[in-house]
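Examining the three-dimensional arrangement
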Amino acid sequence: MVISNKKTNFAEFPRTRARLILFSLFVMVGFLLISIKIAFLASKENQKNIRYSGLENINSRSDISDRNGYILATNLEGASVYIRPEEVQEKALVAKKIKNIFPELNESVLLNKLNDGRKFFWLKSLVSPKQEKALFNLGQPGIYFGEREYRFYPYGTLASHIIGFTKVNEFDVNYVNISGVSGAEKAFDKELVKQKLSHRKNETIALSLDLPVQAEVENVLKEWQKRMSAKAGGVVIMNIHNGEIIALASSPGFDANKEKGELEKNEDNSIYFNRVVQGVYEMGSTFKIFSVAQGIEKGLFTVDSLIDTKAFKINSKKIEDKYSFNAKSSIYEIIVRSSNVGAARLALIVGEKGLKEILSTLGLMEPVHLEVREASLTQPIVPKKWRDITLATVSYGYGISVSLLHLAKAYAILGNGGFNVEPTILKNNHKGNLDSRVLKQSTSDEILKLLEAVVTDQRGTARILGSKYYRIGGKTGTAEKISLDKRGYEKDKVVANFVGLFPLEKPKFVIAAFLDEPENNLLREPCRYASCTVVPMVKKLIERTGPLMNVFPERRASKPQTDF
């Protein structure tokens, strides 16, 4: 029997147990730390996804349409492209292939980005479907695509100044932050976003514009601007009862589908300037009707009253007419034949208080209350001191500058029975308050008769506007432009404009148009007056757009004049 001399050391058991417990504790802490890290990363990724998703919803803009439902601005799905250089093999070859797809890119700059050690860079924030397919067909690792939305304008340059355009404030792989820059896009920026978030069924903002009318207006304006060799022009057609703008064109225009970066690079930034809303000009004889309206309103005279129309001086300034008038002429003749002397005499009769009152009543002393921001920033240029010479010159449209939209609003009030009306670019906005009478009905009636006589009377400055389809009334205006090089005015550079109302049987629309520095060389002698430049254009515009606006031909009011 063999007996072992080895003794069991019972003291080692507690020590071994402690080591096991300590090891288990370390393992548990490690797993806990790993779990916390995984949970943190998962939470962060989830927050990132929520952020992307939220931004995508917030900045997914609603559509803008015209009054008939034609979509003028909408969001489309596109793709962004980014590159992770460390995954790209044969970088020089890849750079060359990408250059073939995007000829505008600099190949050497692209190759430098692939080789300089960066982890990530954007190739394009937005690519076309054709470019996306070409990149995908390269089969090149390291090229990634992200979902993107972008603003699209189906009709390109059409109504560009009223629709406006957007810019990208921020973007990432799967979202883009878009905001309005001008026009309706800026005016209704919050509404375009709020409607999308509220999940309303009708998410479209409907403008008052009539797309077929707008297209016709722009076509005629471009055609006539070219024929008259004018540097720019504008037209607005507005409902005189509710203020809805049916068409508004400023030429030259722009294509809002171009990226904002390209728009900023354009050397001619004047194309983004809305000449109808933002441009203020001395408008000439279209102002003559305002003193008449105030005098009739206050009972100071009637259209048959005789006024001294002999040339006279105020201080050193001589007030005279281009054409010969009798020693005394009726107010009817002063307006029909457009007498500066007569207009000045009428303004002196009305006085400073009266002239200011009618200009203020018609909205010519403050910005037009239109939704677009451009209008609220357009302040008329009015005299600081109102002396007798000021009253005289303002009466025939010098010494005060307003926009074409100002004139449209003023004539709308004169033609709608004397009710205040505010222009609007929204359909069924009803901004025109027909309960707010600012002039007597009788004043409006007398003014309409005078404006029609400017067209129907054989001595009228707008007689060429005589149409066999519609009764039309209006007033011409031609103002020399202020010289930029010397004191005074340039006789060979003018702003020619016309403001008219139709159909006069039941007046519904006002049309205001102007051409900047026109010259009609189609006649025996060159002519810059509104009567031979803008008026023929307006005649064509009314006869082409009238049927589109459901304005049916009226009885023939006068023998139409021959167009050229």
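All values reported here derive from a predicted model rather than from experimental measurement. (Residues numbered from 1 in each chain as written. Predicted model: local features only at pLDDT ≥ 70, side-chain atom pairs only at ≥ 80, totals over all residues. Heavy atoms only, no water.)

**A closer look at the overall build of the chain**
Basically, it comes down to this: Numbered from the N terminus, helices here are DSSP runs of H or I no shorter than four residues, and strands are runs of E no shorter than two. Exposed residues in this analysis have more than 50% of their type's maximum accessible area, buried residues have under 20%, and partly exposed residues fall in between, with area computed by a 1.4 Å probe over protein chains only. By definition, residues are in contact when any of their heavy atoms lie within 4.5 Å. Surface accessibility follows the Shrake-Rupley procedure with a 1.4 Å probe radius. Residue values consider only the protein chains on display as shielding.
From N to C terminus, the chain includes 17 helices and 16 strands. A buried classification covers 50% of the 564 residues belonging to the chain. Considering only contacts in the chain between residues 6 or more positions apart, those separated by 24 or more positions represent 70%. Accessible surface for the chain amounts to roughly 28,200 Å². Of this, 52% is attributable to carbon and sulfur atoms.

**Things to note about the side chain of S395**
To keep it simple, the criterion reads: Under this definition, polar contacts are N or O atom pairs within 3.5 Å; protein pairs additionally need one hydrogen-donor-capable and one acceptor-capable atom, and for neighbouring residues in sequence, both atoms have to be side-chain atoms.
Residue placement: S395 occurs in helix α14 (residues 388–395). The exposure class of S395 is buried, given its relative accessible area of 1%. Separated by 2.5 Å, the side chain of S395 and the backbone oxygen of A392 make a polar contact. Leave out the neighbours within four places in its chain, and S395 touches F287, K288, S291, A343, A344 and A347.

**Here's the deal with the layout of surface pockets**
Stated precisely, the cut-off is as follows: Detection works on a 1 Å grid of protein atoms alone, calling trapped sets that fit a 1.4 Å probe cavities and calling open sets with protein on both sides within 12 Å along at least five of seven lines pockets, with lining residues defined by an atom within 4 Å of a point. Grid points are joined across faces, edges and corners, and a volume is the space filled by probe spheres set on the points.
One number sums up the size of the largest pocket: a volume of about 1,900 Å³. Together, 46 residues line the largest pocket, and K322, N340, T478, E480 and Y529 are the ones closest to its centre. Every element with two or more residues in the lining of the largest pocket is listed here: β12 (317–319), α14, β14 (473–482), β15 (489–502) and α17 (530–545). Considering every element that reaches the lining of the largest pocket, the biggest residue donor is β14, with 6 residues.

**Comments concerning helix α10 (residues 288–297)**
Of all 10 residues in α10, 10 are buried, a share of seventy percent or more. Among all positions of α10, only K288, I289, F290, S291, V292, A293, Q294, G295, I296 and E297 are buried. Contacts from the buried residues of α10 go to α11 (331–336), α12 (340–361), α14, α15 (404–415) and α16 (441–456). Note on α10: the residue one or two positions beyond its end, G299, has a positive phi of about 75°.

**A few points about unusual backbone geometry**
With an omega dihedral of 5°, the bond running from S251 to P252 counts as a cis peptide bond. By the secondary structure assignment, P252 is in the loop between β9 (245–251) and α9 (260–265). Following F502, the chain continues into P503 via a peptide bond in cis, with omega recorded as -15°. Mapped onto the fold, P503 is located in the loop between β15 and β16 (509–516). Positive phi values are uncommon outside glycine, yet S229 reaches one of about 55°. One non-glycine residue, N315, lies in the positive phi region at around 60°. In this fold, N315 is placed in the loop between β11 (312–314) and β12.

**Looking at the sheet that holds strand β8 (residues 232–239)**
By definition, the strands of a sheet pair up through backbone hydrogen bonds, in either a parallel or an antiparallel sense. We apply this condition: By definition, two strands form a pair when at least two bridges between them are found by DSSP. In this analysis, axes come from line fits to C-alpha atoms, helices being fitted only over the stretch in contact, and the angle between any two N-to-C directions falls in the range 0 to 180 degrees.
Taking strand neighbours across the sheet as the criterion, the 5 strands line up as β9-β8-β16-β15-β14 in an open arrangement whose pairing is antiparallel. Edge positions in the open sheet fall to β9 and β14, since each of these has one partner strand only. Going across the sheet, the axis of each strand differs from the next one's by a mean of 10°, ignoring polarity. Pairing between β14 and β15: 10 bridges, direction antiparallel. Within β15, the residue paired with G473 across the bridge is L501. Contacts from α16 reach β14 and β15, with the element oriented near 75° to β14.

**With respect to the packing of aromatic side chains**
Threshold: Pairs were defined over the aromatic rings of Phe, Tyr and Trp, the Trp ring being its six-membered one, requiring ring centres within 6.5 Å. Orientation was assigned from the angle between planes: stacked under 30 degrees, edge-to-face over 60, tilted for the rest.
For the structure shown, the criterion picks out 14 aromatic pairs. Between Y398 and Y489, the ring centres sit 5.3 Å apart and the planes meet at 85°, which makes this aromatic pair edge-to-face. Taken together, the residues Y398 in the loop between α14 and α15 and Y489 in strand β15 connect sequence positions 91 residues apart. Taking the relative accessible area as the measure of exposure, Y398 reaches 14% and is therefore buried.

**Notes on the environment of V394**
Along the chain, V394 falls in helix α14. Residue classification places V394 among the buried residues on the basis of a relative accessible area of 1%. Expressed as a C-alpha distance, the spacing of V394 and A344, which sit 50 residues apart in the sequence, is 8.2 Å. Contacts of V394, omitting those with residues within four sequence positions, involve F287, L355, L359, P383, W386, G399 and I400.

**Focus on the environment of F287**
Relative to the helices and strands, F287 is located in the loop between α9 and α10. Sequence-wise, F287 and G477 are 190 residues apart; in three dimensions their C-alpha atoms are separated by 7.9 Å. Setting aside residues no more than four positions away along its own chain, F287 makes contact with L359, L364, V394, S395, Y396, G397, I400, V402 and L407.

**Digging into the pairing of strand β6 (residues 176–180)**
Of all 5 residues making up β6, 5 are buried, and the element is well covered by its neighbours. In this structure, strand β5 (residues 166–171) lies alongside β6, joined through 5 bridges in antiparallel fashion. Opposite T166, over in β6, you have G180 as the bridge partner.

**So, the side chain of T545**
Relative to the elements of secondary structure, T545 occurs in helix α17. With near-sequence residues (within four places) excluded, T545 lies in contact with V213, E216, V217 and I237.

**Some details on the pattern of salt bridges**
To keep it simple, the criterion reads: The rule for a salt bridge is simple: a side-chain nitrogen of Lys or Arg has to be within 4 Å of a carboxyl oxygen of Asp or Glu.
According to the stated counting rule, one finds 28 salt bridges in the structure shown. The partner of D189 in a salt bridge is R61, and the shortest N-O contact between them spans 2.5 Å. Of this pair, D189 sits in helix α7 (residues 189–197) while R61 sits in the loop between α1 (12–58) and β1 (64–65), and the two are 128 residues apart along the sequence. Judged by relative accessible area, R61 falls into the buried class, the value being 2%.

**Examining the nonpolar core**
Here is the rule we go by: Nine residue types can take part in a nonpolar core, namely buried Ala, Val, Leu, Ile, Met, Phe, Trp, Tyr and Cys, and a core is a set of them joined through side-chain atoms within 4.5 Å. For the domain bounds, the source is a domain assignment made automatically or taken from a database.
Counting residues in hydrophobic clusters, the biggest one holds 117 residues, and the most contacted among them are L207, F290, L359 and M537. Considering every element that reaches this core, the biggest residue donor is α15, with 9 residues. Counting contributing residues, this core receives three or more from each of domain 1 (58–82 + 160–207) and domain 2 (212–548). Sequence-distant contacts of L207, defined by excluding residues within four places in its chain, comprise I64, S65, D66, R67, L72, I162, A184, F188, I425, L426 and K427. Counting 17 residues, the second largest nonpolar core, distinct from the first, contains I83, F121, V127 and I143.

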